[in-house]
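Letter by letter, the chains look like this.
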Amino acid sequence: MPRLAVTALAALAVLASSAPLAAQDTTAVRIGIRYDPSQRPGVLVLPIAGVVGDSLRIIIQRDLDYGDRVVVITPDAALAATLAAGGSINYPLLAKLGASRVVQGTMTPRGLHVALHDVAKAQVTDVAEFPLPIAQNTRDWRAAVHGVSDQVEAWISGTQGIARTRVAFIRGSVVRMIDSDGEDDQAIPMLGEAMSPAWSPSGAQLLYTTFGVNSRVVLHDLTTGRARAFGQASNTTNLTATFSPDGSSIVWAAAGENGSDLFLMPVSLDAPARRITVGRGTDNVQPTFSPDGRRLAFMSSRAGHPEIYIMDADGTNTDLLTVSDFGDQNYRSSPEWSPDDRQVAFQSRISGKFQVLVIGLRDRTSKLLTSDGENKDPSWSPDGRHLVFTSNRSGTSQLWILDTETGRTRQLTHTAGSRLASWSPRLKP
Amino acid sequence: MIVNRRATAFALLALSVGVLDACHKKPKVAPAPVTVATTDTMGERRRLDSLEAARRMADENARRRAVDDSLRRANEATSASAALRAALTAVVYFEYDQDVLNGDAKAALDAKLPILIANPGLSIRITGHTDERGADEYNVALGQKRASAVKRYLAERGIAESRLETVSMGEERPANAGHDEASWSQNRRAEFEITAGANLVLKARQ
């Protein structure tokens, strides 16, 4: 009886949280399979034979779970062993366990062969063989396994997963990267004290800025390890660099004797920087491009306090995006344009603490996404559904991930002082 | 080892005895004729000796005074220089999310002006800081604005811009690690560092 009550409450909570989302969806055009977050398909990953079978299965189960598009069903080992006994899939039993899809993996000399079963149709719907590096549990091997998970998620939901991504962030003034599942927290070689890492659209380069003496914009090539720097000038602090979506140029803020303005530089660094805002002594920082590269959102103090504006990429047609309709919240910053072009995530101070919100680009209405502790500096996942942000809810500054559709959160980092996250694009093999 | 040490001690003893013996032997030379000083010459000698002693004493006193004076002047100059250095590097504070210089800030900067004017070999770095409350990235811009406001104030009063470097550390280097207004008010600041002429004994224009 108590269990039933809990289930009913949970169902109510899901309904309550999905109602406004459904309303939002009606104003948007979505391509692909229409997906209802309150009815996620049950997916069961069968045991995989072989020495790395257990590791593979654990990673794929976790990736599918973190993707938030399916419910991963994990039977105990004895039961799991009976599901495909003698090579035949026990569809009726799988249906009883709540699985509508079943992932069957088989090790091959080249890697992993995966078959996706539709339990209701009692048949295989998708197959593919994924090459895996021979050395297990290396960075490349884990990345390849995440690639398997992302393809399985595409088969099931119509949207490729985001397991094969990394989050760049700052800890102790050093740029670091961590895998989407929280593995492999590593630093990159640094020039100076860094802030604001940002990914190139290809995922092969990272931008960051250094502060203090000799402030620069640094373009770090992750493949070669080489770094190029620009923007160094006396009495100038460079900050918040970002790539244009086509990867051809860099927009960043240079703060000097007369406030800060946004500048544009070709990524080849072979032309002079061009100023694109006219701040007249105010601060204009934190640029973020629309997915088509034609518009920019940024934070400006031109009205006397930090507020988010939108303008054309050439600096014309500037327009206030955030409207002061939250009483005393006189501070909005850190905009991040969503990859689906529907909304901008940002932070606003509410009752003395920053919280993460989204504002619709069409209806200009804001929605509060966080309330636990202080939450700031959001960055979108490439599927436009998840946000990584800085939160002190655990008592220290850590990165957390929020599924904006279900409200589910998970902690990404576990070392204090992690902040200023930037989610990578889907990374190539 | 013990034997050697005893042998050495014995040899040293023998040597010293020999030296003492040599001293006791009187020289076999004729005594020099004794010059008998008259009362007058003895008096003159005493007078000259006395004058000489007085002159030496005066010289010695003068030397001591000179040394003392020099030390005192050096100490005074050093302490004056230290006081000027303290005034030059005195921190300037700001209001929340502001780069406007208030009365206290202007007074602190006015105290730096005569030192900067009297010591043209001096260059300083002005570093802007913020409290932890704003956005981390925006705070770097705000820190730069605070440093620039300070520089502008000094430059408008005649200090060459080339002697005034501005830098921002945003909220990254709090002076006080606390999380209340008392701490934040100490963190919204501009700090001063001598980047050229650090070895100068500082003067202030009167």
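Nothing here was measured: the structure is a model prediction, and the numbers come from that model.

Caption draft 1: The arrangement of the overall build of chain B in detail. Secondary structure assignment for chain B yields 5 helices and 4 strands. Beginning at the N terminus, the succession of helices and strands in chain B can be written as α-α-β-α-β-α-β-α-β. Per-residue burial for chain B yields a buried fraction of 32% across its 206 residues. Sequence-distant contacts, at least 24 apart, represent 77% of the contacts inside chain B between residues at least 6 apart. Accessible surface computed for chain B: about 13,000 Å², of which carbon and sulfur atoms make up 59%.

Caption draft 2: Structural view of the overall build of chain A. For chain A, the count of helices and strands is 5 helices and 29 strands. Here chain A holds 429 residues, and 52% of them are scored as buried. Nonlocal contacts in chain A, meaning residues at least 24 apart in sequence, comprise 41% of its contacts between residues at least 6 apart. Within the structure as shown, chain A displays about 18,100 Å² of accessible surface, and the carbon and sulfur contribution to it stands at 53%.

Caption draft 3: Region of the structure containing the interface of chain B and chain A. The interface is formed by 27 residues belonging to chain B together with 34 residues belonging to chain A. Across the interface of chain B and chain A, roughly 2,300 Å² is buried in total on both sides, 48% from carbon and sulfur atoms. Per-residue buried area on chain B facing chain A is highest for Asp 136, Glu 137 and Tyr 138 of chain B; these three make up 28% of the total on that side. Here chain B is connected to chain A by 6 salt bridges. Among the salt bridges present, the one from Arg 173 of chain B reaches Glu 193 of chain A, with a minimum N-O distance of 2.3 Å. Linking chain B with chain A are 18 residue pairs in polar contact (both at pLDDT 80 or more), by the criterion used here. For the side of chain B that touches chain A, the leading source of residues is helix α4 (residues 136–155) of chain B, giving 12 residues.

Caption draft 4: Main features of unusual backbone geometry. Residue and element names in this part refer to chain A. For Ala 122, which is not glycine, the phi dihedral falls at a positive 55°. Following the sequence through the fold, Ala 122 ends up in the loop between β4 (111–118) and β5 (123–131). You can call Ala 122 partly exposed: its relative accessible area is 40%. Phi is positive for Arg 280, which is not a glycine, with a value near 50°.

Caption draft 5: Representation of the packing of helix α3 (residues 103–118) of chain B against α4 of chain B in the model. Residue and element names in this part refer to chain B. Where α3 contacts α4, the axes come no closer than 10 Å and their chain directions differ by 50°. One element, α3, and the other, α4, form an angle in the oblique class. Relative to α4, the crossing made by α3 is right-handed. Together, Lys 106, Leu 109, Asp 110, Leu 113 and Leu 116 of α3 and Val 150, Tyr 153 and Leu 154 of α4 make up the contact between the two elements. Among the residues forming the contact of α3 with α4, the class breakdown is 6 nonpolar, no polar and 2 charged.

Caption draft 6: Representation of the sheet that holds strand β4 (residues 189–196) of chain B in the model. All names here are of chain B. The strand order β1-β4-β2-β3 describes an open sheet built from 4 strands, whose pairing is mixed. The open sheet has two edge strands with one neighbour each: β1 (92–93) and β3 (164–170). Pairing of strand β2 (residues 123–129) with β3 involves 6 bridges; the strand directions are parallel. Along β3, the bridge assignment pairs His 129 with Gly 170.

Caption draft 7: Broad picture of the sheet that holds strand β24 (residues 366–368) of chain A. Residue and element names in this part refer to chain A. With antiparallel pairing, the 4 strands of this open sheet are ordered in space as β21-β22-β23-β24. Strands with a single pairing partner mark the edges of an open sheet, and in this sheet they are β21 (332–337) and β24. Direction aside, neighbouring strands of the sheet carry axes that sit 30° apart on average. Pairing of strand β22 (residues 343–350) with strand β23 (residues 353–360) involves 8 bridges; the strand directions are antiparallel. Bridging from a neighbouring strand, Ser 348 pairs with Gln 355 of β23.

Caption draft 8: Structural view of the nonpolar core. One finds Val 175, Leu 206, Leu 239, Val 251, Leu 262 and Ile 276 of chain A to be the most contacted residues of the largest nonpolar core, which totals 37 residues. With 4 residues, the top contributor of residues to this core is α4 of chain B. Discounting chain neighbours no more than four positions away, the residues touching Leu 262 of chain A are Val 251, Trp 252, Ala 253, Arg 274, Arg 275, Ile 276, Thr 277, Asn 284, Val 285, Pro 287, Phe 298 and Met 311 of chain A.

Caption draft 9: Expanded view of helix α2 (residues 53–67) of chain A. With 15 residues, α2 of chain A extends 21 Å from end C-alpha to end C-alpha; this agrees with the ideal 21 Å at 1.5 Å per step. Those residues of α2 of chain A not exposed but buried are Gly 53, Leu 56, Arg 57, Ile 59, Ile 60, Gln 61, Asp 63, Leu 64 and Gly 67 of chain A.

Caption draft 10: Looking closely at the packing of aromatic side chains. Residues and elements named next belong to chain A. What the rule picks out here adds up to 6 aromatic pairs over all chains. With a centroid separation of 5.0 Å and an interplanar angle of 90°, the aromatic rings of Phe 230 and Trp 252 are classed as edge-to-face. Of this pair, Phe 230 sits in strand β12 (residues 227–230) while Trp 252 sits in strand β14 (residues 249–256), placing them 22 residues apart in sequence. Overall, Phe 230 belongs to the buried group, its relative accessible area being 8%.

Caption draft 11: Looking closely at the pairing of β14 of chain A. All names here are of chain A. Burial analysis of β14 places 8 of its 8 residues in the buried class, the great majority of the element. Burial along β14 is two-sided: the face carrying Ser 249, Val 251, Ala 253 and Ala 255 and the face carrying Ile 250, Trp 252, Ala 254 and Gly 256 are both buried. Judged from the 5 bridges that link them, strand β13 (residues 237–243) and β14 form a sheet pairing that is antiparallel. When the bridges of β14 are listed, Thr 242 appears paired with Val 251. Joining the antiparallel neighbours β13 and β14 is a turn of 5 residues, in which Gly 247 adopts a positive phi near 75°. Across 8 bridges, the pairing between β14 and strand β15 (residues 259–266) is antiparallel. When the sheet's bridge partners are listed, Ala 253 is paired in β15 with Leu 262.

Reading guide: rules and limits
- Residues numbered from 1 in each chain as written.
- Chains lettered and ligands numbered in written order.
- Predicted model: local features only at pLDDT ≥ 70, side-chain atom pairs only at ≥ 80, totals over all residues.
- Heavy atoms only, no water.
- Helix = DSSP H or I, 4+ residues; strand = E, 2+ residues; numbered from the N terminus.
- Buried < 20%, exposed > 50% of the residue type's maximum accessible area, 1.4 Å probe, protein only.
- Contact = heavy atoms within 4.5 Å.
- Areas by Shrake-Rupley, 256 points an atom, 1.4 Å probe, with all protein chains shown as cover.
- Buried area = accessible area lost by both parts, 1.4 Å probe.
- Salt bridge = Lys/Arg side-chain N within 4 Å of Asp/Glu carboxyl O.
- Polar contact = N/O pair within 3.5 Å; in protein donor to acceptor, adjacent residues only side chain to side chain.
- Axes fitted to C-alpha atoms, helices over the stretch in contact; angles between N-to-C directions.
- Parallel < 35°, antiparallel > 145°, perpendicular 65-115°, else oblique.
- Left-handed = near helix turned anticlockwise from the far one by under 90°.
- Nonpolar A, V, L, I, M, F, W, Y, C, P; charged D, E, K, R; others polar.
- Pairing = 2+ DSSP bridges.
- Core = buried A, V, L, I, M, F, W, Y, C linked by side-chain atoms within 4.5 Å.
- Expected span 1.5 Å × (residues − 1).
- Phe/Tyr/Trp six-rings, centres within 6.5 Å; stacked < 30°, edge-to-face > 60°.

So yeah, pure geometry; function would need other evidence.
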